[in-house]
Amino acid sequence: MMSNIADMIESYILRQLAACQDGKVELRRTDIADEISCAPSQISYVLSTRFTQDKGFVVESRRGLGGFIRIVQVPLRDLVYRDMMSKIDEHTDCDAVQTMLRYLMQHGMIETRETALMLQMVSGLFHAESLDPKERVQMLKTMFLTLEKFT
């Protein structure tokens, strides 16, 4: 029975998201509970298991009077780029960055030509003796940020 109610809650939320043009919706727990005849804890369960960041959602929730649930659907590619940028620091080596670029190419997020150009640039960044590691990190993050904006 819980699975069925969970499916109904998920379906309701997805329908509400689909009706919005901008990929975000603000709902009230009581409205969902009334619509589906369920307990607020069941809504919380669905939010924590089916609307997670790794599934492309950001959920903000406030309980109590005036409380709300704000759900934003984030394109998975944006999450991939954010994850990659979060992994780039002064200890990141050339192989790790090149692996990230190959991943993007294999998943159709960048073209072969772009990959080849960036692999060469990355190699140059790591072999440039006059480049400070902090500057390299900044340049790499800028490269991934640019890819994210133009993908």
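Residues numbered from 1 in each chain as written. Predicted model: local features only at pLDDT ≥ 70, side-chain atom pairs only at ≥ 80, totals over all residues. Heavy atoms only, no water.

## Some words on unusual backbone geometry
What is expected of a backbone is that most residues other than glycine have negative phi and most peptide bonds are trans. Despite not being glycine, Ser37 shows a phi value in the positive range, around 60°. Its relative accessible area of 63% is what places Ser37 among the exposed residues. (Buried < 20%, exposed > 50% of the residue type's maximum accessible area, 1.4 Å probe, protein only.)

## What to know about the pairing of strand 3 (residues 68–73)
Here four bridges tie strand 1 (residues 24–27) to strand 3, and the two strands are oriented antiparallel to one another. Each bridged residue has a counterpart across the sheet, and for Leu27 the counterpart in strand 3 is Ile69. Strand direction decides the pairing type here: strand 2 (residues 57–62) and strand 3, joined by six bridges, are antiparallel. For Phe57, the partnering residue across the bridge sits in strand 3 and is Gln73. (Pairing = 2+ DSSP bridges. Helix = DSSP H or I, 4+ residues; strand = E, 2+ residues; numbered from the N terminus.)

## Section: the packing of helix 4 (residues 76–87) against helix 5 (residues 94–106)
In contact at an axis separation of 11 Å, helix 4 and helix 5 are set at 175° when each is read in the N-to-C sense. On the basis of the axis angle, helix 4 is roughly antiparallel to helix 5. Contacts from Val80, Tyr81, Met84 and Lys87 in helix 4 reach Met100, Tyr103 and Leu104 in helix 5. Across the contact of helix 4 with helix 5, the residue classes break down as six nonpolar, no polar and one charged. (Axes fitted to C-alpha atoms, helices over the stretch in contact; angles between N-to-C directions. Parallel < 35°, antiparallel > 145°, perpendicular 65-115°, else oblique. Contact = heavy atoms within 4.5 Å. Nonpolar A, V, L, I, M, F, W, Y, C, P; charged D, E, K, R; others polar.)

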